[in-house]
Amino acid sequence: MAKAEKDFIKLTSEPLVLQDIVDLVKDDQAGAISTFCGTTHKTVVRLEYESYIPMAEKEISSIITDVRTKWQLMKVAVYHRLGIVPVGETSVIIAVSSVHRHESLKAVEWLIDTLKEKVPIWKKEIYNDGSSWKENTKSKCC
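Model, not experiment: these values are computed from the prediction.

(A) Inspection of the overall build of the chain at higher detail. From N to C terminus, the chain includes three helices and nine strands. Helices and strands in the chain line up, N terminus first, as β-β-α-β-β-α-β-β-β-α-β-β. Taking the principal axes of its C-alpha atoms as reference, the chain extends roughly 50 × 25 × 25 Å. The long-range share in the chain, meaning contacts at least 24 apart out of those at least 6 apart in sequence, stands at 70%. Total accessible area computed for the chain in this model is approximately 7,600 Å², and 49% of it derives from carbon and sulfur atoms. For the chain, the distance from the average site of its 20 positive side-chain charges to the average site of its 20 negative ones is 2 Å.

Here it is, written out as structure tokens:
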């Protein structure tokens, strides 16, 4: 889902492809594109994400608006997987373009931290022994 011409938000059950998301934030005036990829690590068998999509998209749009008040950014993309995410696959990708690297690096860090704190996405970790642990991402996310 595109928000404005320079903001891209998507919650999907499909695998995330870094290059596709980087291509969204490319700009001829940008001197930097910074990214963050959160992946499922091998301490779990898989992760499962759930969300009320309209509310999550609204909150992501709000944090993008906020990040634009902190740094001079060109384009911003926030993509998050929903459903089952196996080990080694990407759960979340954030990509930001700016004229200078400092702005995009700081913005990416702020965006992932704020996403984890505010966006209503719930994560369930499934372990080898069949046990699980579920977390409401309003306190922590991805």
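(B) Quick look at helix H3 (residues 101-118). Across its 18 residues, H3 extends 25 Å between first and last C-alpha, which sits within 8% of the 26 Å expected from 1.5 Å per residue. Every buried residue of H3 is accounted for by Glu103, Ser104, Ala107, Val108, Leu111, Ile112, Thr114 and Leu115. Close packing links the buried residues of H3 with strand S3 (32-39), helix H2 (53-70), strand S5 (75-81) and strand S7 (90-98).

(C) Inspection of H2 at higher detail. Taking 1.5 Å per residue, 18 residues should reach 26 Å; H2 reaches 26 Å between its end C-alpha atoms and fits that length. Tucked inside the fold, the buried residues of H2 contact strand S2 (7-12), strand S4 (46-51), S5, H3 and strand S8 (121-126).

(D) Examining the UniProt feature "binding site: substrate" (unreviewed entry) in the chain more closely. Here the UniProt-annotated "binding site: substrate" (unreviewed entry) positions come out as His100, Arg101, Lys116, Lys123, Lys124 and Glu125. Across 26 residues, the annotated set is spatially dispersed, with a maximum C-alpha separation of 37.2 Å. Tracing the sequence through the fold places His100 in the loop between S7 and H3. Tracing the sequence through the fold places Glu125 in strand S8. Setting aside residues up to four positions removed in sequence, Glu125 forms contacts with Val44, Arg46, Leu47, Ser131, Ser132 and Trp133.

(E) How the structure looks around the pairing of S5. By the criterion of burial, S5 is predominantly enclosed, with seven of the seven residues buried. With burial as the criterion, each face of S5 is covered, one bearing Lys75, Ala77, Tyr79 and Arg81 and the other bearing Val76, Val78 and His80. In this sheet, S5 lies alongside S2 in parallel orientation, the contact comprising six bridges. Paired with Leu11 across the strands is His80, a residue of S5. In terms of strand pairing, S5 meets S7 through six bridges, oriented antiparallel. Following the sheet pairing, Ala77 is matched in S7 by Ala95.

So, how was this worked out
- Every chain is numbered on its own, with residues counted from 1 as its sequence reads.
- For this predicted model, a pLDDT threshold of at least 70 governs which residues receive local features, and a threshold of 80 or more governs which side-chain atom pairs are given and counted, while totals over whole chains, interfaces and linings are taken from all residues.
- Side-chain numbers come from the whole structure's heavy atoms, not from hydrogens or water.
- Secondary structure counts use DSSP, requiring at least four H or I residues in a row for a helix and at least two E residues in a row for a strand, with both numbered from the N terminus.
- In this analysis, two residues are considered to be in contact whenever any of their non-hydrogen atoms come within 4.5 Å of each other.
- Exposure was quantified through the Shrake-Rupley algorithm and a 1.4 Å probe, taking into account, for residues, occlusion by the shown protein chains and nothing else.
- None of His or the chain ends enter the tally, which takes Lys and Arg as positive and Asp and Glu as negative.
- To locate a charge, the coordinates of NZ of Lys, CZ of Arg, CG of Asp or CD of Glu are taken.
- Here, expected helix span is obtained from the residue count minus one, scaled by 1.5 Å.
- Buried residues are those whose accessible area, probed at 1.4 Å on protein chains only, stays under 20% of the maximum for their type, while exposed residues exceed 50% and partly exposed ones sit between those limits.
- UniProt positions are given in the numbering used here, feature names are shortened, and annotations may be inferred rather than shown by experiment.
- Should DSSP find at least two bridges between two strands, the strands are regarded as paired.

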